[in-house]
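Below, each chain spelled out in residue letters.
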Amino acid sequence: MSDPRSTETVEPTATSTVSADTTKTLRDEPRGRTGWARILLGRDAIMIYLLIATIIIAMISIPRFASPVTVGFLLLDVIPVLLIAMPMTLIIITGEIDLSVASIAGLTSALMGVLWQAGWDIGIVLVLGLVIGVLAGMFNGFLVAVFGLPSLAVTIGTLALFRGLALVVIGDNAVANFPPELTGFFTSKIGATGIPTVMIGVVLIVAVFGVILHFTPFGRGLYALGFSTEAARFVGIHVARSKFWLYVASGGVSALAGIFWTLRYSSARSDNASGLELAVIAAVLLGGVSIFGGKGSIPGVVAGVLLIGTINYALRLGRVSDVVLIIVTGTLLIASVVAPSIFDAVKRRRHDRRVRRELPQAQPSGSVSA
Amino acid sequence: MSPEPTTDVGTPPPTVLALRHAAKTFGPVVALADGTIELRAGEIHALVGENGAGKSTLVKILAGLYHPDAGEFTVDGQPVAFRTVADSKAAGISVIYQEPTLFPDLTVAENIFIGRQPKGRSGLISRARMRTEARSLFERLGVPIDPDRIAEGLSIADQQIIEIAKAISLDAKVVVMDEPTAALSGVEVDRLFAVARGLRDGGAGILFISHRFDEIFALTDRITVMRDGRYIGTHDTAAVTTPVIVREMVGRDIAQLFPKVEAEIGDAVLTVEGLSSAGVFSDIDFEVRSGEIVALAGLVGAGRTEVARAVFGIDGYDRGSVELLGRPLRPRDPQAAIDAGIGFVPEDRRKQGLVMDLSVARNATLTLRNSLARFGLINGARERAVAAEWTKRLQVKTGSQEYTVATLSGGNQQKVVLAKWLATEPKLLIVDEPTRGIDVGTKAEVHRLLSDLAGRGIAILMISSELPEVLGMADRVLVMHEGRITAQLDRADATPEAVMHAATASREHSA
């Protein structure tokens with residue numbers, strides 16, 4: 001990788017502004033960077049480097065990793081997580097959470113199975129699967145945004161509720177006889193690349209969420225909302241409305257994940273995708289989204305999802321047991337939360353030491369506001 | 001200038017705390033270059049300076065929160081180096097912050113004795129002893145607070161008193177009060193001052209930090225001035241005047257504290273009729289015309305902010321109407337108010353005015369996010385350009401537009417709030433305590449700016465608890481008391497007595 005720091009030196013900016021006016025304080029070192037350094041040394045970039053490094057290491061050390069088959073299965077595995085991670089990122093940025101996503105996917109799956117078995121047209125089955133997800137999302141959104149109930153409590157409730165409904169709908173049955181051309185499509189690849197055809201749609205959805213978060217007034221509002229609801233209201237952000245639509249989006253995308261799950265495995269069951277919500281939230285947090293809201297980005301989350309997916313897939317190929325997989329994922333998550341604060345602490349100490357050395361030269365100028 | 005304190009003649013009482021030539025830097029930023037303070041036993045000592053002068057840093061060093069990079073620090077003549085807040089407390093220093101943080105679910109007595117509860121014979125906490133000791137503390141302070149009351153819901157003034165009681169129970173030799181009066185009403189200020197004088201007479205040294213000169217001159221014995229992180233000088237309060245202190249604080253004369261420009265007053269921009277909200281305010285009628293500055297005066301809690309919030313649509317109201325330029329405004333819809341041309345600089349810039357963790361640029365353009373978008377997408381280059389333009393116009397001092405707004409000083413933060421509303425080119429600007437907690441220099445800048453805006457035909461509704469500001473800036477003064485407008489005074493009739501009279505009681509002054 002080319003080194004951008006040759007032109008955008010980072011450290012010297014710190015010393016060159018020693019003529020400091022007292023209006024600045026320095027909790028903001030990483031944010032103090034500007035231009036390319038900011039992007040290439042940011043949290044997102046680090047996630048992407050980590051991802052690339054992981055892929056390279058896996059290619060070298062695990063014999064059968066470097067093949068189109070890997071690409072195909074790896075992507076098929078991460079698609080549900082990647083999909084749901086999109087609305088989840090936006091929701092967590094506003095300081096809320098949605099734990100019911102996997103249950104919505106399960107409910108969608110169950111409904112699809114029952115309707116298909118009852119002889120409905122597959123097109124209508126798919127649409128109704130999506131509709132039930134949207135309705136479930138509206139229910140969440142209604143309770144959280146309109147009534148102002150805490151989202152953690154609400155979605156723990158609906159996590160159980162929607163899964164329960166799935167069980168009521170389909171019972172212990174499994175429906176497996178979906179049209180082969182459809183299930184075939186969901187596992188098909190684009191030519192010889194090994195990339196699943198459905199990735200086209202997934203990439204589109206990711207792009208849509210990325211644009212919404214990073215380039216629209218609505219997205220700007222979400223960050224403001226995550227930091228301070230009160231400040232957001234003062235600039236005219238519709239707090240309740242914004243949250244409501246996020247939950248609707250979450251329900252809709254979870255339903256899409258449920259449809260994908262059902263048709264990829266050609267199996268509609270009530271326990272499809274169970275436990276997926278934790279995988280999604282882990283990936284989102286690993287991707288740099290703050291659980292307290294206000295921070296995070298779509299590129300970071302995509303890298304986070306792919307990183308966890310790659311590690312899992314590589315370890316499985318390397319015949320590492322599932323138990324170890326879970327331990328690795330958990331450790332990674334904790335590391336991702338702890339690493340930035342260790343990084344900060346080290347940097348602060350380095351700073352203090354330098355400051356003590358240089359202190360006698362520090363001459364504050366007496367600039368006063370005019 | 002000499003860094004040594006210019007102490008007066010005579011035999012001064014012993015110096016209880018001395019910090020000399022203290023320095024503290026944060027990376028490239030020098031927060032304190034030469035912090036010096038000498039506090040005697042039995043005096044109330046004011047520490048003044050603009051925001052960013054280094055007062056807070058100095059206080060944090062005294063409190064043991066920061067470790068100075070250089071300088072000498074003695075308590076009772078003994079050199080000290082605090083590693084933690086506990087060290088500072090053990091040395092007899094208590095710091096009372098502007099907004100104390102009591103544990104809301106514990107009782108007053110429990111809060112006072114938290115972590116060092118008196119024990120009974122059984123070795124368990126003796127609630128009875130705790131209660132009687134707390135009660136005797138309050139008796140000493142002459143303030144009736146029930147020790148068994150839960151701390152939640154106590155006024156800020158009472159919370160400060162509890163912190164002071166805690167300080168006394170710790171045998172504090174030094175009590176530092178960091179802008180204690182900023183959120184207090186007149187009566188509460190008087191009570192706090194009585195308590196402070198009592199402490200002084202008991203031999204404690206009190207460091208009093210404030211932006212309000214009337215309080216400084218009423219209360220303190222000596223004044224130390226800081227500027228740009230440096231010690232400037234110490235004076236006997238009786239021997240100096242406000243202009244001298246202000247000149248030292250800003251390093252120049254502030255020609256006119258309230259640069260009121262005569263503006264041409266035009267048609268009504270905002271018309272409020274019969275606005276009522278049960279239990280909050282009732283029958284509010286007023287209008288603000290273009291080019292006019294209308295001040296809403298009154299005591300804290302009179303309902304001024306609530307009226308402004310209802311006008312802007314943050315809160316709802318039960319009856320009445322709000323019209324902007326003759327068009328009714330939708331209730332409970334701040335976006336509609338913004339679109340119609342209202343800007344609102346709220347009283348709490350940290351919680352309401354700004355998103356503290358977002359960059360200066362993002363904050364400055366947050367109000368414009370819809371108009372910055374083309375085909376639904378925000379134009380990043382234009383966003384930065386607009387932010388740069390407005391922060392430059394208002395002379396916001398920041399290293400980069402990308403710095404988080406939390407890193408700016410209070411005065412500069414307030415400028416960012418003003419920038420984000422001025423960028424919307426409002427027809428009516430509501431400013432709620434526009435200069436609270438900001439330094440003298442920036443204050444004058446804000447006043448000049450408001451005057452200038454009025455001169456350009458913008459209608460301004462200003463809420464302020466500072467009487468000089470109200471009288472100096474306003475064309476018309478509306479005084480509120482317990483949710484009602486009790487007086488409407490023209491600039492010529494608005495005397496301090498008339499305003500205070502209407503603010504404190506009777507409605508007989510109604511115009």
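Residues numbered from 1 in each chain as written. Chains lettered and ligands numbered in written order. Predicted model: local features only at pLDDT ≥ 70, side-chain atom pairs only at ≥ 80, totals over all residues.

*Asks:* Quick rundown of the overall build of chain B? Include the residues and the values.
*Replies:* On a plain count of helices and strands, chain B comes out with 17 helices and 22 strands. Its C-alpha radius of gyration of 24 Å places chain B within 12% of the 24 Å reference for a compact globule of 511 residues. Across its three principal axes, chain B shows a C-alpha extent of roughly 70 × 50 × 45 Å. Put simply, chain B has 511 residues, and 52% of those count as buried. Taking the intrachain contacts of chain B between residues at least 6 apart in sequence as the baseline, contacts between residues at least 24 apart amount to 68%. (Helix = DSSP H or I, 4+ residues; strand = E, 2+ residues; numbered from the N terminus. Rg over C-alpha atoms; globule rule 2.2 N^0.38 Å. Buried ≥ 20, exposed ≤ 12 C-beta atoms within 10 Å, placed from the backbone. Contact = placed C-beta atoms within 7 Å.)

*Asks:* Quick rundown of helix α11 (residues 217-227) of chain A? Include the residues and the values.
*Replies:* For α11(A), the buried fraction is high: 10 of the 11 residues fall into the buried class. Of the residues making up α11(A), those classed as buried are F218(A), G219(A), R220(A), G221(A), L222(A), Y223(A), A224(A), L225(A), G226(A) and F227(A). At its buried positions, α11(A) is contacted by α5 (68-93), α10 (199-215), α12 (229-234) and α13 (239-264) of chain A together with β18 (377-378) of chain B.

*Asks:* Give me the domain arrangement of chain B: which residues, what numbers.
*Replies:* Frequently, the measure chosen for interface size is the accessible area that the parts lose on association. Domain boundaries assigned for chain B yield domain 1 (15-102 + 154-251), domain 2 (252-341 + 426-510) and domain 3 (359-423). Listed as interface residues are 12 residues of domain 1 of chain B and, on the opposing side, 11 residues of domain 2 of chain B. (Domains from an automatic or database assignment.)

*Asks:* Residues and numbers for the packing of helix α4 (residues 127-141) of chain B against helix α5 (residues 156-169) of chain B, please.
*Replies:* Residues and elements named next belong to chain B. As a packed pair, α4 and α5 sit with axes 10 Å apart at the nearest point and diverge in direction by 105°. Judged by the angle between their axes, α4 and α5 are roughly perpendicular. Taken together, the residues of α5 that come into contact with α4 (itself represented by E133, L137, F138, R140 and L141) are I161, I164, A165, I168 and S169. In terms of residue class, the contact of α4 with α5 is built from 7 nonpolar, 1 polar and 2 charged. (Axes fitted to C-alpha atoms, helices over the stretch in contact; angles between N-to-C directions. Parallel < 35°, antiparallel > 145°, perpendicular 65-115°, else oblique. Nonpolar A, V, L, I, M, F, W, Y, C, P; charged D, E, K, R; others polar.)

*Asks:* Provide a residue-level description of the sheet that holds strand β20 (residues 459-463) of chain B, including the pertinent values.
*Replies:* All names here are of chain B. Taken together, 6 strands build an open sheet; the order of strands is β16-β19-β20-β13-β21-β22 and the sheet is mixed. Edge strands, defined here as strands with exactly one partner in the open sheet, are β16 (342-345) and β22 (484-490). On average, adjacent strands in this sheet sit at an angle of 15° to one another, irrespective of strand direction. Two elements, strand β13 (residues 293-298) and strand β21 (residues 476-481), share 5 bridges in a ladder whose sense is parallel. Of the residues in β21, the one forming a bridge with A295 is V477. Sheet contacts for helix α9 (residues 304-312): β13, β16, β19 (428-432), β20 and β21; angle to β19, the most-contacted strand, approximately 145°. Across the face of the sheet, helix α14 (residues 410-422) comes into contact with β16 and β19 while running at roughly 170° to β16. (Pairing = 2+ DSSP bridges.)

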